[in-house]
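This is what each chain is made of:
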Amino acid sequence: MKKNVKIVASLIVAALLMNSCGTTEKSMSKEKNAVVASTPTEISVTANPEFITIKEAISLFENSDDAPTIAKKYGYKLTNNYEIYRLDKFSKLYYKNCRLAKILTGNQYEDYPKPLRKGVSSYVAFKDGAIIIGVFNQAAYDNLVQQVKAAGFVLDMPGNEEIYTNGKRTIACYEGAKTVRVQ
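Asker: Go over the nonpolar core, please, and point to the residues and values.
Answerer: Within the largest apolar cluster, 29 residues are counted, with the highest numbers of intra-cluster contacts made by Ile52, Ile54, Tyr76, Val148, Ile171, Cys173 and Val180. Elements supplying a minimum of two residues to this core: α3 (54–62), α4 (67–74), β7 (122–127), β8 (130–135), α5 (138–150), β11 (170–174) and β12 (179–182). Ranked by the residues each element gives to this core, the list is headed by α5, at five residues. Excluding residues within four positions of it along the chain, Ile54 makes contact with Ile133, Leu144, Gln147, Val148, Ile171 and Val180. Counting residues in each nonpolar core, the second largest holds 11 residues, with Tyr82, Ile84, Ala101 and Ala125 among its members.

In structure tokens form, the structure reads like this:
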């Protein structure tokens, strides 16, 4: 019986000690809890000269007639009607430092373009209502995301595919595939 009383007493003491540990400040003033509205800051990002910039992609989205000029500037090659078997279909696909996937039938390919070891590999795909920029290394992808933020886009929906918006245009960044979709 004495053991049970000692155990209960020691548990009560331990609970009181644990409850008393912590900060001595009981409440914070309203000024400390107030959320300060953050003002957007100008971010300066140097675009990678090896592939298309976000500003050029937005320009292409609004006027696709400029595509041959921009493709020539970066050294992109063109293939029309690039279809990934049972997955995706692009009306135009510009690619650089890539090889096209194995062709299955007609204009249906096995997969997205594959990177080569030389230079920065990238592709620009035109799909209904979107332009997709794909890169194959993390540094190039991070540069594209920084360009999105520098262009005034704000994170709207975080997640597997992060959605950025500026009110009239939406850009989705998918790190898993290292793609940026302008729509």
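Here the narrative resumes.
Asker: Could you give an account of the sheet that holds β8, with specific residues and numbers?
Answerer: The strand order across the open sheet built from 10 strands is β4-β5-β1-β2-β7-β8-β12-β11-β10-β9, with neighbouring strands paired in mixed fashion. This sheet does not close on itself; its edge strands, each paired only once, are β4 (103–105) and β9 (154–157). Relative to β8, β7 runs antiparallel, the two being bridged by six bridges. Of the residues in β8, the one forming a bridge with Ala125 is Ile132. Lying over the sheet, α5 contacts β8, β10 (161–165), β11 and β12, oriented at roughly 155° with respect to β11.

Asker: Account for α4, naming residues and giving values.
Answerer: If you check which residues of α4 are buried, you get Ala67, Ile70, Ala71 and Tyr74. Around the axis of α4, the buried residues are gathered within 100° of arc, so they sit on the same side. Every exposed residue of α4 that faces more than 90 degrees away from the buried side is listed here: Thr69, Lys72 and Lys73. Buried residues along α4 sit against α3, β2 (88–96) and β7. Just downstream of α4 lies Gly75, where phi reads positive at about 80°.

Asker: Describe the environment of Ser121, naming the residues involved and giving the relevant values.
Answerer: Mapped onto the elements of the fold, Ser121 is located in the loop between β6 (114–115) and β7. In this structure Ser121 comes out as buried when scored by relative accessible area, which is 4%. Filtering out sequence-adjacent residues up to four positions away, Ser121 remains in contact with Lys96, Asn97, Cys98, Pro115, Leu116, Gly134, Val135 and Phe136. A distance of 2.6 Å separates a polar atom in the side chain of Ser121 from the backbone oxygen of Asn97. A polar contact of 3.3 Å, which involves the side chain of Ser121, links it to the backbone oxygen of Leu116.

Basis of the calculations
- Residues numbered from 1 in each chain as written.
- Predicted model: local features only at pLDDT ≥ 70, side-chain atom pairs only at ≥ 80, totals over all residues.
- Heavy atoms only, no water.
- Core = buried A, V, L, I, M, F, W, Y, C linked by side-chain atoms within 4.5 Å.
- Buried < 20%, exposed > 50% of the residue type's maximum accessible area, 1.4 Å probe, protein only.
- Helix = DSSP H or I, 4+ residues; strand = E, 2+ residues; numbered from the N terminus.
- Contact = heavy atoms within 4.5 Å.
- Pairing = 2+ DSSP bridges.
- Axes fitted to C-alpha atoms, helices over the stretch in contact; angles between N-to-C directions.
- Arc of directions from axis to C-beta.
- Polar contact = N/O pair within 3.5 Å; in protein donor to acceptor, adjacent residues only side chain to side chain.

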